[in-house]
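Listed here are the chains, written in short residue letters.
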Amino acid sequence: MGQKNFSLFPYLGKFIGHYLAGVVILLLVDLANLYVPQFTGELIDGLSAGALDRNDVFWLLGEILIAGLVMMFGRFGWRYCIFGAARGIEYRLRNDMFGHLETLSARYFNSHKTGDLMAHFTNDLQAVRMAVGPAVVTAFDAIVMTIMVLVKMIFYVDFKLTMLAFIPLTLVAVGCYFYGIEAKKRQTRRQKAFSDLSDKVQESLAGVRVLKAFVQEEEDFKSFEQASRNSMEKNLAVVKLRAVFGPALDLVTGISLLLTLLIGGRMVLAGEVSIGKFVAFNSYIGMLVWPMIACGDCINSFSQAIAAFQRIACIFQEKPDIVDRSQGEDTAIRGDIRLKDLTFTYPDGENPVLKNVNLHVKAGEMLGVLGRTGSGKSSLADLLLRVYDCEEGTLLVDGRPITEFPLAVLHRDMAYVPQDSFLFSDTLEENIAFGLEERISQHPELHESIQEAAQAACIHDNIMEFPEKYQTMVGERGVTLSGGQKQRSSIARALLMDASVLILDDSLSAVDTDTEEKILENLMKLRQGKTTIVVAHRISTLQKADHIAVLTEGELTEYGTHEELLALDGFYAHIYQKQQLEQELINI
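This one's a predicted model, so the numbers in the text were calculated from it and none came from an experiment.

Undergrad: I'd love a proper account of a negative patch on the surface, names of residues and values included.
TA: On the surface, Asp512, Asp514, Glu517 and Glu521 cluster together into a negatively charged patch. Here Glu517 is to be found in helix 18 (residues 513-526).

The structure is reproduced here in structure tokens:
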């Protein structure tokens, strides 16, 4: 479910122990780092005054060595704790985001591009990780280090000199404020440009065959170049801002160092400050440079993260249109389907695609659905699968409103073969077994069932001709197979589920008539006692159905058996005669 106020705090809370440990270790590292200039100053002053013997020198050198070891092991420790926590947060956030996307309905994916969603999983998540990892360390270290160094400079060296050196650094706070405002704007535009570029690349690669077929490579390249240039310009806008801010920080720190050399040098000559303390003071000024630079990096990282997190939060705030309205019992569906005055309009549409449709498919029957393109055939399949919801009480399954069945039960007991058969980048065997709860690797006995389903779908012989047979790797979206092979593989996948209801949505369109007839014969044998709904444009696919429904612009205009519809001499009879004539011409 979407969340009204999605927050990052629950994720941070799971790693609070890691952060606390990391902060404590980081504090120890900063303390060790803080004492190195002091030990160095004491060594210089002691040697200059001749007040140190060999043991004292070795003692001070040992203290510096111990501080160095604390810094070395401590830096590993806080990196392990804080960076590890950041990776853990990224991992959990990515999993939750993907899991939430899987709950969203078709409407969301119809209005959001794949490339844009992919950008959330790459660029945006990385920006969040950098903010909860390196940026947290940098911010804490910069603040703590600045305070500790200033305290050390005041009490160990001189208050007046410290104030004179630090005054120019206060300008950084003002600069950082305005830098943060502008950085956030530019980061938002940059991430939007990256999203557009990702979407363009994904779409072009997915449609490369169409591009080549219509000789549109050059035009598509121009479109890509424009998206790439836009991304470059938005990235350069961020870089230019950093390029101005970085040297400005260096200028301020340079002024501070200059004041230290001029005023501090006079104080050394006047005997107000020892040489060792002056050397230590300059080291402390150098240690203040990093927090000032880190301040800009922190603002930049947090600006990116805020813009990225707002985009990610938008995903979590989306609510699925299709939800389980009641916790119904996990009862199997028998397959009795009734439509009562069903009228349906898509959420973003204005005109109904189905109008007052009434029909009854008894459990175990085969229903054929015929109609012109756009007549509402696929919409009917979408409603049966609850891709979309219709008005309550107009679609009944086993005498109950379809919404009373848990989605898991519907999707388990209703197998579906869509128009555009989708295969994953995996072996043919894994693709056919996709709908099973068991994995093939754990249940070798499934191999025989997979082959039986493939034989029923008339794809087994084709598979056996491949060098790797059932272990043949299928390219992305099944690109390595022909249209007919993809459809038959999808049919095999649905048959293997042995569901109570099977919906074939024009899924035999790429199959020749002889193969189609064999598949239909196999369906009649295998699906005895189970409900089958076949949507098609060819009469040959439908004529063996128990009843055939003809849809015209969303309305049920004809209904009956093959012979009854021919006797009506309407749309069905006209299409049948036309297709018969076409078949006769082909056979000549």
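Once you've had a look at it, read on.
Undergrad: Which residues make up the sheet that holds strand 8 (residues 531-535), and what are the values?
TA: Strand order across the open sheet formed by six strands is 6-7-8-3-9-10, with mixed pairing between neighbours. Of all strands in the sheet, those with a lone pairing partner are strand 6 (414-417) and strand 10 (555-560), marking the two edges. For this sheet, the mean angle separating the axes of adjacent strands, direction not counted, is 15°. Pairing analysis gives four bridges linking strand 3 (residues 366-371) to strand 8, with the strands arranged parallel. Residue pairing in the sheet places Val369 in a bridge with Val535 of strand 8.

Undergrad: I'd like a description of the pattern of salt bridges, backed by residues and values.
TA: Scanning all chains against the criterion turns up 14 salt bridges. Here Glu90 ties to Arg94 by a salt bridge, and the two come within 3.2 Å at their closest N and O atoms. On the criterion of helical spacing, the pair formed by Glu90 and Arg94 is a turn pair, its members being four residues apart in helix 3 (residues 54-103). Residue Glu90 is classed as buried on the basis of its relative accessible area, which comes to 10%. The partly exposed category is assigned to Arg94, whose relative accessible area is 29%. Note that Asp124 and Arg311 form a salt bridge whose closest N and O atoms lie 2.8 Å from each other. With Asp124 in helix 5 (residues 114-132) and Arg311 in helix 11 (residues 275-317), this residue pair connects regions lying 187 residues apart in the sequence. Comparing Asp124 with Arg311, the two get one shared label, buried. It is possible to trace a salt-bridge network through shared partners that takes in Arg87, Glu90, Arg94 and Arg129.

Undergrad: Which residues make up the packing of helix 3 against helix 5, and what values go with them?
TA: Running from amino to carboxyl end, helix 3 crosses helix 5 at an angle of 150°, the nearest separation of the two axes being 9 Å. Judged by the angle between their axes, helix 3 and helix 5 are roughly antiparallel. Here helix 3 and helix 5 pass one another in a crossing that is right-handed. The residues of helix 5 that touch helix 3, namely those facing Ile82, Ala86, Arg87, Ile89, Glu90, Leu93, Arg94, Met97, Phe98 and Leu101, are Leu117, His120, Phe121, Leu125, Gln126, Val128, Arg129 and Val132.

Undergrad: I'd love a proper account of the side chain of Ser421, names of residues and values included.
TA: Its location among the elements puts Ser421 in the loop between strand 6 and helix 14 (428-432). In this structure Ser421 comes out as buried when scored by relative accessible area, which is 5%. Only 3.5 Å separates the side chain of Ser421 from the side chain of Ser490, close enough to count as a polar contact.

Reading the values: rules and limits
Residues numbered from 1 in each chain as written. Predicted model: local features only at pLDDT ≥ 70, side-chain atom pairs only at ≥ 80, totals over all residues. Heavy atoms only, no water. Patch = residues over 30% accessible without salt bridge, like charges linked within 9 Å, V, L, I, M, F, W, Y side chains within 5 Å. Areas by Shrake-Rupley, 256 points an atom, 1.4 Å probe, with all protein chains shown as cover. Salt bridge = Lys/Arg side-chain N within 4 Å of Asp/Glu carboxyl O. Lys, Arg positive; Asp, Glu negative; His and termini not counted. Charge placed at Lys NZ, Arg CZ, Asp CG, Glu CD. Helix = DSSP H or I, 4+ residues; strand = E, 2+ residues; numbered from the N terminus. Pairing = 2+ DSSP bridges. Axes fitted to C-alpha atoms, helices over the stretch in contact; angles between N-to-C directions. Buried < 20%, exposed > 50% of the residue type's maximum accessible area, 1.4 Å probe, protein only. Parallel < 35°, antiparallel > 145°, perpendicular 65-115°, else oblique. Left-handed = near helix turned anticlockwise from the far one by under 90°. Contact = heavy atoms within 4.5 Å. Polar contact = N/O pair within 3.5 Å; in protein donor to acceptor, adjacent residues only side chain to side chain.

Shape descriptors only; they carry no functional weight alone.
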